[in-house]
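These are the residues of each chain, in order.
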Amino acid sequence: MADTAPKETDAAASQGGSQVPPVVVKKYANRRLYNTESSSYITLENLADMVRAGRDFVVYDAKTGDDITRGVLTQIIVEEEGKGHNLLPTNFLRQLIGFYGGGLQGVVPGYLDQAMKAFSQHQEQMQAAMKKTVGSMSALFPFGNMEEISRQNLAMIDRAWSMFTPFKTEAEPPPDENATLRAEVERLKRELAAKKG
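The structure presented is a predicted model; accordingly, all values stated were derived computationally and were not measured.

Caption draft 1: Layout of the nonpolar core. Counting 12 residues, the largest nonpolar core consists of Val-23, Val-25, Leu-33, Ile-42, Leu-44, Leu-47, Ala-48, Met-50, Phe-57, Val-59, Val-72 and Ile-76. When contributions to this core are tallied by element, the ones reaching two or more residues are strand 1 (23-27), helix 2 (44-52), strand 4 (57-61) and helix 3 (69-82). For this core, the element with the highest residue contribution is helix 2, accounting for four residues. Not counting residues within four places of it along the chain, the set of residues in contact with Leu-44 comprises Leu-33, Val-72, Gln-75, Ile-76 and Glu-79.

Caption draft 2: Main features of the packing of helix 2 against helix 3. Contact pair helix 2 / helix 3: the axes reach a minimum separation of 10 Å and the direction vectors enclose 100°. Taken together, the axes of helix 2 and helix 3 lie roughly perpendicular to each other. Where helix 2 abuts helix 3, its residues Leu-44, Glu-45, Leu-47, Ala-48, Val-51 and Arg-52 lie against Val-72, Leu-73, Gln-75, Ile-76, Glu-79 and Glu-80.

Caption draft 3: Seen up close, unusual backbone geometry. Phi at Arg-31 takes a positive value of approximately 70°, unusual for a residue other than glycine. Mapped onto the secondary structure, Arg-31 falls in the loop between strand 1 and strand 2 (33-35). The class for Arg-31 is exposed, based on a relative accessible area of 67%. Positive phi, close to 55°, is recorded for Ser-39, a residue that is not glycine.

Caption draft 4: Spatial organisation of the confidence of the model for the chain. Residue-level pLDDT values for the chain average 77, and 68% of them are 70 or greater. The spread of mean pLDDT over the elements of the chain runs between helix 1 (residues 10-14), the lowest at 44, and strand 4, the highest at 97. In the predicted structure, residues 1-17 sits below a pLDDT of 50 and forms 26 contacts with residues beyond four places in sequence or in another chain.

Caption draft 5: Examining the sheet that holds strand 4 more closely. One open sheet holds the four strands; their spatial order is 3-2-1-4, and the pairing between them is mixed. At either margin of the open sheet sits one strand with a lone partner, and together these are strand 3 (40-42) and strand 4. Within this sheet the neighbouring strands show an average axis-to-axis angle of 35°, counted without direction. Across three bridges, strand 1 lies against strand 2 in antiparallel orientation. Note that in strand 2 the partner of Lys-27 across the bridge is Leu-33. Its contacts with the sheet put helix 2 on strand 1, strand 2, strand 3 and strand 4, and the angle it makes with strand 4 is roughly 150°. Contacting strand 1 and strand 4, helix 3 crosses the sheet at an angle of about 110° to strand 4.

Caption draft 6: Structural view of helix 3. Taking 1.5 Å of rise per residue, 14 residues should cover 20 Å, and helix 3 covers 20 Å from first to last C-alpha, within 8% of that figure. Those residues of helix 3 that sit buried are Thr-69, Val-72, Ile-76 and Glu-80. Here the buried residues of helix 3 occupy an arc of 85° about the axis, which is enough to place them on one side. Away from its buried face, by an angle of more than 90 degrees, helix 3 presents the exposed residues Arg-70, Val-78 and Gly-82. One or two positions beyond helix 3, positive phi appears at Gly-84, with a value near 95°.

Caption draft 7: Examining the pairing of strand 1 more closely. Among the five residues that make up strand 1, four are buried, leaving the element largely enclosed by the rest of the structure. Examined bridge by bridge, strand 1 and strand 4 share five bridges and lie parallel to one another. From the neighbouring strand, Val-23 faces strand 4, where its bridge partner is Phe-57. In textbook terms, the turn of a hairpin is the stretch between consecutive antiparallel strands, and for strand 1 and strand 2 this stretch comprises five residues, one of which, Arg-31, has a positive phi near 70°.

What counts and how
- Residues numbered from 1 in each chain as written.
- Predicted model: local features only at pLDDT ≥ 70, side-chain atom pairs only at ≥ 80, totals over all residues.
- Heavy atoms only, no water.
- Core = buried A, V, L, I, M, F, W, Y, C linked by side-chain atoms within 4.5 Å.
- Buried < 20%, exposed > 50% of the residue type's maximum accessible area, 1.4 Å probe, protein only.
- Helix = DSSP H or I, 4+ residues; strand = E, 2+ residues; numbered from the N terminus.
- Contact = heavy atoms within 4.5 Å.
- Axes fitted to C-alpha atoms, helices over the stretch in contact; angles between N-to-C directions.
- Parallel < 35°, antiparallel > 145°, perpendicular 65-115°, else oblique.
- pLDDT = per-residue confidence, 0-100.
- Pairing = 2+ DSSP bridges.
- Expected span 1.5 Å × (residues − 1).
- Arc of directions from axis to C-beta.

This is the structure:
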């Protein structure tokens, strides 16, 4: 019988072991998954949520004690792909299958692991850059000035429209732009309040 003690996984090792120990999940012959931490049965969807939340787990066969985490993770991927969340391109899958049994089979896992780590780091850098950009944009265009921007846009549209109506009679009194803008602002406020409520 294989050792059923939780092993330090890649995620815990990469954090220097300072993370919470992985959740131990047992898979029974009836395919049910049992979370030993919460003392409850769970689904593959629950495990997928744990992965998304960054919580590490290991899955052991309840009868033999074998570590079957890799197979369960593969099942999660198959289920996600089956739901239409197509993340893996068909050509990639064909190439991956082609590596099984070949001379590069031992190299591919390490390469894919490094590629995914680099991709994740790049994604985090992009998110940080976007937050920084949005933060600097809000300093340039704070929401308090949105009313002023709207007023300027309406004035610009009015000037452009007046170019297309050159025969406008001067006898007509000019519209009260402030009243029109105030009415528009009030209408937008009511719409926003209705959406919030």
